Amino acid sequence: MSWPGFSALMNAWWFLLLVPLVIFYFLKLRRPRFDVPSLALWRQVVNDQRVNSPFQKFKRNLLLLFQILLLCSLIIGAMQPYLSRGAEQARFLPVLIDNSASMAALDGPNGKSRLDDAKEKVSKLIDDLLADQRLCLISVNSTARKLTDFTDNKRVLKDALAQLDVTQVPSRLEDGLRLAQAMSRVQPIETVVLISDGNVPADIEFELPFKLNFQKLGPGGANIGIVDFNARRSRTGWDVFARIEATQQKDDSRNGPPTARSLCEYELLQNGQSIKQESVSIDGGRAERLVFKVPTTIAASLELRIKPDGFDSMTTDNVAYLELPAPRQLTVFCPRSMETYRNALENLPDILLFPGDSDEPKAVDVKFAEGPIEIGPESRVTFHVGFVPDELSKLVELVSGQSEVVDWRRTAPLLQHVQLLDVQIADDPKLEKGVGERDFEVAGYEILAQSRSGPLILERDRDGRLDYHFLFHTDRSSLVYRVGFPILVQNVIQIAAQRAGLLDAKAHGTGTLPPQRITPDTAVQVTGPNGYTESATSDKNGFVSGLGAPYVGTYEMTGAETPLKLGVSLLSSSETGLSTVDVLKFPEVPVHAAATVLKTDQPLWRWFALGGLCFLLVEWWYFQKRPSGVPT
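Residues numbered from 1 in each chain as written. Predicted model: local features only at pLDDT ≥ 70, side-chain atom pairs only at ≥ 80, totals over all residues. Heavy atoms only, no water.

## Focus on the packing of aromatic side chains
Then, number 1: One pass over the structure, following the stated rule, counts 10 aromatic pairs.
Then, number 2: Pairing Phe 92 with Phe 150 gives two aromatic rings, centres 5.3 Å apart and planes at 85°, and the pair type is edge-to-face. Placement of Phe 92 in strand β3 (residues 92-98) and of Phe 150 in the loop between β5 (144-146) and α5 (154-162) is noted, with a sequence separation of 58 residues between them. Per residue, the accessibility class of Phe 92 equals that of Phe 150, and both read buried.
Then, number 3: Both rings, one in Tyr 532 and one in Tyr 551, keep their centres 6.4 Å apart while their planes meet at 70°; by these two values the pair is edge-to-face. Of this pair, Tyr 532 sits in the loop between β29 (523-527) and β30 (533-537) while Tyr 551 is found in the loop between β32 (548-549) and β33 (553-558), placing the two residues 19 residues apart along the sequence.
Then, number 4: For Tyr 551, a relative accessible area of 30% corresponds to the partly exposed category.
Then, number 5: Ring-pair connections join several aromatic residues into one group, and the members of that group are Tyr 341, Phe 368, Phe 383, Phe 470, Phe 472 and Phe 485.
Then, number 6: When the ring centre of Trp 408 is taken as origin, the NZ or CZ atom of Arg 410, which lies over that ring, is 3.9 Å away. (Phe/Tyr/Trp six-rings, centres within 6.5 Å; stacked < 30°, edge-to-face > 60°. Helix = DSSP H or I, 4+ residues; strand = E, 2+ residues; numbered from the N terminus. Buried < 20%, exposed > 50% of the residue type's maximum accessible area, 1.4 Å probe, protein only. Lys NZ or Arg CZ within 6 Å of the ring centre and 35° of its normal.)

## What to know about the environment of Gly 371
Then, number 1: Along the chain, the position of Gly 371 falls in the loop between β17 (363-370) and β18 (378-385).
Then, number 2: When the C-alpha positions of Gly 371 and Phe 387 are compared, they lie 5.6 Å apart, and in sequence the two are 16 residues distant.
Then, number 3: If we skip the residues at most four places from it in the chain, Gly 371 touches Val 385 and Phe 387. (Contact = heavy atoms within 4.5 Å.)

## Description of the nonpolar core
Note on soluble globular proteins: their nonpolar side chains tend to be buried together.
Then, number 1: Counting 44 residues, the largest nonpolar core has Leu 330, Leu 345, Phe 368, Phe 383, Leu 414, Leu 420 and Ile 457 as the members making the most contacts within it.
Then, number 2: By residue number, the principal contributor to this core is helix α9 (residues 484-499), which donates 8 residues.
Then, number 3: Excluding residues within four positions of it along the chain, Leu 330 makes contact with Asp 350, Ile 351, Leu 352, Asp 365, Val 366, Ile 493, Ala 496, Ala 497, Ala 500 and Leu 502.
Then, number 4: Judged by nonpolar contacts, the second largest core, of 27 residues, contains Ala 242, Ala 246, Leu 290 and Ala 505. (Core = buried A, V, L, I, M, F, W, Y, C linked by side-chain atoms within 4.5 Å.)

## What to know about a nonpolar patch on the surface
Then, number 1: A cluster of nonpolar residues, Leu 610, Leu 613 and Leu 617, forms a patch on the protein surface that exposes about 280 Å² of accessible area.
Then, number 2: Inspection of the secondary structure assignment puts Leu 610 in helix α11 (residues 605-624).
Then, number 3: Judged by its relative accessible area of 45%, Leu 610 falls in the partly exposed class. (Patch = residues over 30% accessible without salt bridge, like charges linked within 9 Å, V, L, I, M, F, W, Y side chains within 5 Å. Areas by Shrake-Rupley, 256 points an atom, 1.4 Å probe, with all protein chains shown as cover. Salt bridge = Lys/Arg side-chain N within 4 Å of Asp/Glu carboxyl O.)

## Focus: the sheet that holds strand β24 (residues 465-470)
Then, number 1: Spatial strand order, β16-β15-β17-β18-β24-β23-β22-β20: 8 strands in an open sheet with mixed pairing. Among the strands making up the open sheet, the edge pair consists of β16 (351-354) and β20 (407-408).
Then, number 2: On top of the sheet, α9 reaches β15 (330-333), β16, β17, β18, β23 (455-462) and β24; it is set at about 150° to β17, its chief contact. (Pairing = 2+ DSSP bridges. Axes fitted to C-alpha atoms, helices over the stretch in contact; angles between N-to-C directions.)

Nothing here speaks to function; it is all geometry.
In structure tokens, the structure reads:
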């Protein structure tokens, strides 16, 4: 049996008010007035006054008893009594509330969403808040945001909870845990509560500095959604591909048996006009692939809509957007001094080679450069030959000597179908003492090919810019006389065309827009669905990154020379599949979903306040009632 406790025991000093209350009844004893026909009874009255001791003044004094009970009830209520249920006494309790896309899933037709269920649990937690406890509400989706500071103001907490909505982004739990960790450096946090449907990554790279109470919500209903939407350029236009998935309903779900084959209508729109409309049947737990032919030679906006025949617990993933760019030539810069490369480039179709007859642009899709001094415009992809980057000069040195390739990464896009065996090189890279492959990885480089003495080909992909470094000069090797050399140049062109979006197009997922390349140091304005706006400025290389995309729809970037349009969709197999985990695996210890509802201490002050009100009403009735025997 758990005994009640008090969270404001200092208020017990108010019991001293009983002393003046009792003294008041000592000093004042009201007696009724009666008209008597004789003074013979006066002696009896005097004798009665002599034996009327202080304690006898309280005899049959129900009014005093009611006032004592009323005062005790109010004082005990002010002491904040509570009934302990075995919960830990956490003075500062952060509550992480998952509001990712899957939290919009309904548990059945006309049912409630997972977020509504979470709000009910948090609301009860707020109602049971003790006087010395403080809550902090934190929303967790693709990022984490504090809804309130630590407070015991129930009105502030419930207002913030009421304004919390489902976001159209996948869940990323690490950000919420890191935010709680940062708060623990200021406040003594021992326990953190996580309320989620369990649709989070099972493996989390985070070391818990506190105890995590994982409150898992009930499962959502059956769902069908779009999880992939992309296109590849063809001779006559674009080949468009989409994938639709259906969830596998559990046997013990509220919606009955597992999801069987269901019918789903889909419609493809081009620039707002319907171009194809059909139906497809999908088995529960399976996926269906859709293929479309879109013949167009200009930029186009595609929209794919699906409409399941039966119950669908989520609507966010029922639409996807894709922007198809207008075809153009790939812009390439190659100095005239690199004749071997220019000869290979001139035989490739659909490229515009600089320097040439026309003026050079400020930026190109791919650039070839030799030597430590770069010339020409900026580029998304740069192919360097014949020198060691300055930031690697302390790791490797290029000296004269014979070397050959002993190992290379054949699966790398740059080296696909390129045979480097027996290639003779007149330059030899020498590693400094104590330098290994790990040092290049720390510097942000990946080794694609190496000799016995050091690396020969490096790759760096950073901030939306891809750099390839041939530490040796290809003109000082036998590579230029191999069949693999034009294939190597063609691989560079293919990589650049893919980076420029000329070969394929893909609908982007919600959360953050991919880095975009525009003119350097240019202010842009991004507008999106639901009135979303954001401003940014491109860096010195012309890249704009870190722009948010919290809603499904089309985003437009203005302010650059050419406005950009981007299609953003949910496109998350985990969110659409409503897959859940029961165990969160941290590096040091796994955290299991709680088997019982979150235990909270039950406040009792309301009952004592209600008892005080009852005693007050009884006292008022007793004081106001007409004495018996008094005529009306």
